[in-house]
Each structure stands twice: as C-alpha cells, then as structure tokens.
Amino acid sequence: MTRSSDIIVIGAGIHGLSCAFHLACEKRAVTILEKDVVGQHASSVNAGGLRTLLRDIPEIPLSLESQKRWENLDQILGSKLAKPAKVTTNVGQIGIAVEASEMEWCKSRANETKRLGYDYEEIIDRKELDKLIDNLSSECLGGIIARKDGHASPANATQAYRSAASAAGVRIHERVVIDRITRKDQQWIVHTDDGAFEAPVVVNCSGAWGHKVAESVGDRLPIECQALSMMVTKRVGFNITPVVIGIDQPLSFKQTDIGTLVIGGGIPAKPEPDLSTSKPYAERLIESAKTLTRFFPSFSDVQIVRTWSGLEGFTPDRMPIIGPSTDAENFWHVCGFSAHGFQLAPETGFRVARSIVNNQVDNLIAPFTPSRFQIIKKVS
Ligand SMILES: Cc1cc2nc3c(=O)[nH]c(=O)nc-3n(C[C@H](O)[C@H](O)[C@H](O)COP(=O)(O)OP(=O)(O)OC[C@H]3O[C@@H](n4cnc5c(N)ncnc54)[C@H](O)[C@@H]3O)c2cc1C
C-alpha cells in the first residue's frame, strides 16, 4: 500500500522537524521519514550555541530573525514544550582575540557590519572583557560581542519540535530505510523497507547525508560529511555567563546551568556516515584542551568527564543549501549547515514552509539556493 501526503520530509533532525511543523501549521499533510531515530544526530549532540555573532554576511538576516524565534519559542511551540529547551538569550557570545591581528580583524568586521546597517556586533577592550568574564589569561586582548546571543539545550529543543510537529499532525516514521525515489504523474514515490510513500513535494533535510539523498533524484550537491567533537567537564566552582569563542583559535565553550563546561570549537572527529556514527580523536581533543587553557590558564586542572562527536554536512562556502532543486521538480534541499545550523532552524523551517506553500522562494533563504554551486549537475 502506498501512503500519501502533501509533503514528505526526509530526516528528523531539528531542520526536518521545524519544516514539518511549519508546513503542518499551514494545514499540509506531512510525513517525516527518518533512517535512525528523531534527533539522533547533529541536532541533539551540538553545542547548543545560539549565535548571531560573526555570521557570514548573507546569513545575517536569517540568523537575526531566527534569534527572535528562539526568544519567543514558548509562543511558537507552547510554553510546556518550549520550557525544557532552556533557551537562554541576552548572555552574549564573545569572540576573544589573543593576537593583535585577530583584534584588527574584529575591528574591520564590526565596521563592515555597521556599514551594512547592522548594530548587533560591538568591539570590546580588555577592560570590558574583565567585567564580563573572570580568570582570563593576560594574552586575551579584547574581542567582539553580540550581546543578545546565548544558548539552548539542543536535544531538548529538538524533542520540543518533535512534540510540536506530532501535535500539529505530522506523521513520523523512524528506522525507515529508503531504497530509491522515483517520479510518476507529478508525484514523488519514496520506496522504503516499510513500503512506499508518495507526495507531490519532498524536502531533503538529511543533514550530513544531504548529498546522498540528493543523488537519488539526480542532483549533485557539494556536501562533505565531517565529524566534530565535544567535551564536558565536571562542575566547576565559578560562573561564566557568556558563550566564548576564539577568532582564529579553535575554541567555543559555555557553562551549563548545572556548572559544567561544554567545550567545542570545530574539533575534528572521525566520520563514519555509513555506520551512522563518528569517533573523537584523543590527539585533537588534547589540542582543544590546550587552546582552552591558553585562554583560561586556571582551567588546567578541570576534569573532563565525557567526550562525544557528531556528523555534519559542510559546503564549500560554509553556508547552507536551502531551496528547490534546479532539475528535480518540487524537490527541496535544506542541508549542509556547516556546523552552525542549530541556531538557524526555527526561522529556516518557517521560511521553507512559506516558500513551498506560496510556490515562491522567500527572500531570506534565496541566498542559499542550490544553484549557486556551478558544479551541481545531473548525475548521469
Ligand atoms: C559537535 C557539533 C557542534 C555544533 N554546535 C553548534 C552550535 O553550537 N550552534 C549551531 O547553530 N550549530 C551547531 N552545530 C551544527 C548543528 O548541529 C547542525 O547544523 C544542525 O543540527 C543540522 O540539523 P539537521 O536537521 O540538518 O541535521 P541532523 O540533525 O543531522 O538531522 C538529519 C537527519 O536526517 C536523517 N537522514 C539522513 N539520511 C537519511 C535517509 N536517507 N533517510 C532518512 N533519514 C535520513 C539522519 O538520520 C538525521 O537524523 C554543531 C554540530 C556539531 C556536529
């Protein structure tokens, strides 16, 4: 038996769930097909950073709008569902410079965003840094801050979108293996080990596997699957409220509400996408710990209690691919978020749903069209 809907979403990470939720709010019948379980991958294992700071210029409008949605998540999903997501904004994300060249770069970046009419990034000197964070090394010179930024619990936020999508009528099928995707009479037919599903529109939200799903309809997307690691420490006896990132140094960390430090910053791990997993490397974790103690020498005896890693799809320009395929009719790609897609999910889902319903690509997502990559061609 073939099961029909208006739209099939492939992938139940936060992007698939956000798209499905907003499509269901537009009274569309939506089915999600997930090869593992909801939120098993990047969406639940990421650092939870809600960062507008230092976004690529074309991403700024989408990111600023998404930040407003995070701030109002209780109105969008309902306060009961939104509460466990622990959205914390207005604590700031700070990019700290430890080299004079990094400080110069921060200044030119702030000038550039001001020139474009944005005023959310601000240069801060060492004196201001000391007011915001204790225990910094004497190497830290100052930096750049987006004061409204913050963080959320990634796993809980993803589950909040799942519950909201289900409540809105989205049907979610987990552990479904897609065999092939065919087209007949204006319908996409997704053949799986659990039978066939059909819909006139498909949205590819398959994260680090985005290029694989694209290939099944003849699209070649330049997505590379990479893995990134994270570490978490024991509870520490001091408070750091802002999220801290390096400018040229691979560092990103924040303190959780229970006092542990969650450390990331693009530390590579070994990707094993065919096994749906990845593995952290000791060598790279040590490198990351050294970067941390360069910024905070007093952290050298903080105990690391756990490490983990997750898979993510990276594009050549490190911006996501969002939009309809140029060749496969009514087949949308929403993937390749290049390690900063968690923050973008609330607004992206809303804009993608609106674009599909209106049959017109929304301005805010237009810069991320799949067609910007000349190497996208039909797979013969
Ligand atoms: C360690 C780490 C830290 C990060 N930190 C941050 C951060 O602080 N802030 C931020 O904004 N972003 C961060 N990111 C990036 C962010 O997590 C991702 O950009 C975002 O979660 C992508 O969501 P997604 O729904 O596209 O992908 P995913 O969550 O990976 O979901 C894709 C889903 O598609 C499914 N799928 C794939 N192929 C198929 C198929 N053939 N059939 C059915 N289902 C399929 C997968 O099983 C998966 O569940 C980080 C990423 C990592 C890995």
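Up top is the structure these notes are about.
Since the model is a prediction, treat every value here as computed from it, not as a measurement. (Residues numbered from 1 in each chain as written. Predicted model: local features only at pLDDT ≥ 70, side-chain atom pairs only at ≥ 80, totals over all residues. Heavy atoms only, no water.)

A. View of the sheet that holds strand 13 (residues 201-204). Read from one edge of the open sheet, 6 strands run 9-3-2-13-21-20, paired in mixed fashion. The strands lining the two open edges of the sheet, one partner per strand, are strand 9 (171-173) and strand 20 (321-324). If you compare each strand with its neighbour and ignore which way they point, the axes differ by 15 degrees on average. Where strand 13 meets strand 21 (residues 331-335), 3 bridges bridge the pair, whose relative direction is parallel. Considered in strand 21, the bridge of Val203 is made with Trp332. (Pairing = 2+ DSSP bridges. Helix = DSSP H or I, 4+ residues; strand = E, 2+ residues; numbered from the N terminus. Axes fitted to C-alpha atoms, helices over the stretch in contact; angles between N-to-C directions.)

B. Layout of the packing of helix 1 (residues 14-25) against helix 8 (residues 154-167). Look at helix 1 against helix 8: their axes get within 9 Å of each other, and the N-to-C directions meet at 30 degrees. In terms of orientation, helix 1 and helix 8 fall into the roughly parallel class. Note that helix 1 runs across helix 8; the crossing there is left-handed. Together, Ile14, Leu17, Ser18 and Phe21 of helix 1 and Ala157, Thr158, Tyr161, Arg162, Ala164 and Ala165 of helix 8 make up the contact between the two elements. Looking at the contact of helix 1 with helix 8 residue by residue, the classes come out as 7 nonpolar, 2 polar and 1 charged. (Parallel < 35°, antiparallel > 145°, perpendicular 65-115°, else oblique. Left-handed = near helix turned anticlockwise from the far one by under 90°. Contact = heavy atoms within 4.5 Å. Nonpolar A, V, L, I, M, F, W, Y, C, P; charged D, E, K, R; others polar.)

C. Highlighting the packing of aromatic side chains. Under the counting rule described, the total for this entry stands at 8 aromatic pairs. Their ring planes at 80 degrees and their centres at 6.2 Å tell us that Phe21 and Tyr161 sit as a pair that is edge-to-face. With Phe21 in helix 1 and Tyr161 in helix 8, this residue pair connects regions lying 140 residues apart in the sequence. Grouping residues by exposure puts Phe21 and Tyr161 together as buried. Judged by centre distance (5.3 Å) and plane angle (75 degrees), the ring pair of Trp188 and Phe331 falls under edge-to-face. (Phe/Tyr/Trp six-rings, centres within 6.5 Å; stacked < 30°, edge-to-face > 60°. Buried < 20%, exposed > 50% of the residue type's maximum accessible area, 1.4 Å probe, protein only.)

D. A look at the pairing of strand 7 (residues 142-146). Counting buried residues in strand 7 gives 5 out of 5 residues, a clear majority hidden from the surface. Bridging between strand 5 (residues 93-97) and strand 7 involves 5 bridges; their strand directions are antiparallel. Directly across from Ile96, in strand 7, lies its bridge partner Gly143. As paired strands, strand 6 (residues 122-125) and strand 7 are joined by 4 bridges and run antiparallel to one another. Across the sheet, the residue bridging to Asp125 is Gly142, located in strand 7.

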